[in-house]
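An overview of the molecular structure
If you want the building blocks of each chain, they are given just below.
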Amino acid sequence: QVQLVESGGGLVQAGGSLALSCAASGSIFSINSMGWYRQAPGKQRELVAAITRGGSTNYADSVKGRFTISRDNAKNTVYLQMNSLIPEDTAVYYCNAGVRKVFSSRYLEVWGQGTLVTVSS
């Protein structure tokens, strides 16, 4: 019904940069917050960055100063610019959004399938 599709993952050397994007599609009335989570092998999923519809942002301490989240409300798209990457950033990155569907009075959490980011040492 409503889908989030991530793109931009790949392999990069430590110190390099990578940009992710996530586009929401479907019968969407509005989107509240959007964010990026990541999950490394053997670890719990964690919040990387989040952004409200108005542009207020929140970052995990581990990525502050290195990652930047942004969004384009007209395109229902959220972005994550990742700079100064380190091997610890290696994970599957998942897009998340709080979506109000048409004819619905509630916001629902929607998740993308994930995109793999691998940072080599």
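Residues numbered from 1 in each chain as written. Predicted model: local features only at pLDDT ≥ 70, side-chain atom pairs only at ≥ 80, totals over all residues. Heavy atoms only, no water.

Overview of the overall build of the protein chain
For clarity, the threshold we go by: Strands are runs of DSSP state E lasting at least 2 residues, helices are runs of H or I lasting at least 4, and numbering of each runs from the N terminus. Radius of gyration: over C-alpha atoms. The globule rule applied is 2.2 Å multiplied by the number of residues raised to the 0.38 power. Only protein chains enter the accessibility calculation, which uses a 1.4 Å probe; a residue whose area is less than 20% of its type maximum is buried, one above 50% is exposed, and one in between is partly exposed. The contact criterion used throughout is that any non-hydrogen atoms of two residues lie within 4.5 Å. We treat Lys and Arg as the positive residues and Asp and Glu as the negative residues; His and chain ends play no part in the count. Charge positions are represented by NZ for Lys, CZ for Arg, CG for Asp and CD for Glu.
Check the secondary structure of the protein chain and you find zero helices and 11 strands. Mapped from its N terminus to its C terminus, the protein chain presents α and β elements in the order β-β-β-β-β-β-β-β-β-β-β. A compact globule built from 121 residues would reach a C-alpha radius of gyration of about 14 Å, and the protein chain, at 14 Å, matches this within 12%. Taking the principal axes of its C-alpha atoms as reference, the protein chain extends roughly 50 × 25 × 25 Å. Taking all 121 residues of the protein chain together, 39% fall into the buried category. Sequence-distant contacts, at least 24 apart, represent 55% of the contacts inside the protein chain between residues at least 6 apart. Positive and negative side-chain charges of the protein chain, numbering 11 and 7 respectively, have mean locations separated by a distance of 9 Å.

With respect to the sheet that holds strand 7 (residues 67-72)
Formally: A pair of strands counts as paired when DSSP detects no fewer than two bridges linking them. Helix axes are fitted to C-alpha atoms over the stretch in contact, other axes to C-alpha atoms as well, and angles between N-to-C directions run from 0 to 180 degrees.
Judged by pairing direction, the sheet is antiparallel, and its four strands sit side by side in the order 1-3-8-7 without closing on themselves. At either margin of the open sheet sits one strand with a lone partner, and together these are strand 1 (2-7) and strand 7. On average, each strand axis in the sheet is inclined to that of its neighbour by 15°, with strand direction left out of account. Pairing analysis gives six bridges linking strand 7 to strand 8 (residues 77-82), with the strands arranged antiparallel. Paired with arginine 71 across the strands is valine 78, a residue of strand 8.

Topic: the state of the cysteines
Short version of the rule: A pair of sulfur atoms, both from cysteines and within 2.5 Å, is called a disulfide here.
Taken as a whole, this structure holds one disulfide when the rule is applied. Here cysteine 22 is linked by a disulfide to cysteine 95, with a sulfur-sulfur distance of 2.1 Å. The sign of the -85° torsion about the S-S bond sets the cysteine 22-cysteine 95 disulfide as left-handed. Remark: cysteine 95 occurs in strand 9 (residues 91-101) and cysteine 22 occurs in strand 3 (residues 18-26); sequence separation between them is 73 residues. No difference in accessibility class separates cysteine 22 from cysteine 95, as the two residues are buried.

Thoughts on the environment of serine 33
Following the sequence through the fold, serine 33 ends up in strand 4 (residues 28-39). A residue is classified by how much of its surface remains accessible, and serine 33, at 29% relative accessible area, is partly exposed. Between the C-alpha atoms of serine 33 and valine 99, which are 66 residues apart in sequence, the distance is 8.3 Å. Discounting residues that sit within four places of it in the chain, serine 33 has contacts with Ile51, Thr52, Arg71, Asn96, Ala97 and Gly98.

Overview of the packing of aromatic side chains
Quick reminder of the rule: Aromatic rings from Phe, Tyr and Trp, with only the six-membered ring used for Trp, were paired whenever their centres fell within 6.5 Å, and each pair was classed as stacked if the ring planes differed by under 30 degrees, edge-to-face if by over 60, and tilted otherwise. Here, a charge over a ring means that NZ of Lys or CZ of Arg falls within 6 Å of the ring centre while also lying within 35 degrees of the ring normal.
As enumerated under the stated definition, the model contains one aromatic pair in all. Here the guanidinium or amino end of arginine 45 rests over the ring plane of tyrosine 37, the centre of that ring lying 5.7 Å away. The cationic tip of arginine 45 hangs over the ring face of tryptophan 111; the distance from NZ or CZ to the ring centre is 4.0 Å.

Focus on the pairing of strand 3
Both strand 1 and strand 3 contribute to a ladder of six bridges, which runs antiparallel. The partner of glutamate 6 across the bridge, within strand 3, is cysteine 22. By the bridge criterion, six bridges tie strand 3 to strand 8 in an arrangement that is antiparallel. Across the sheet, leucine 20 pairs through a bridge with leucine 80, a residue of strand 8.

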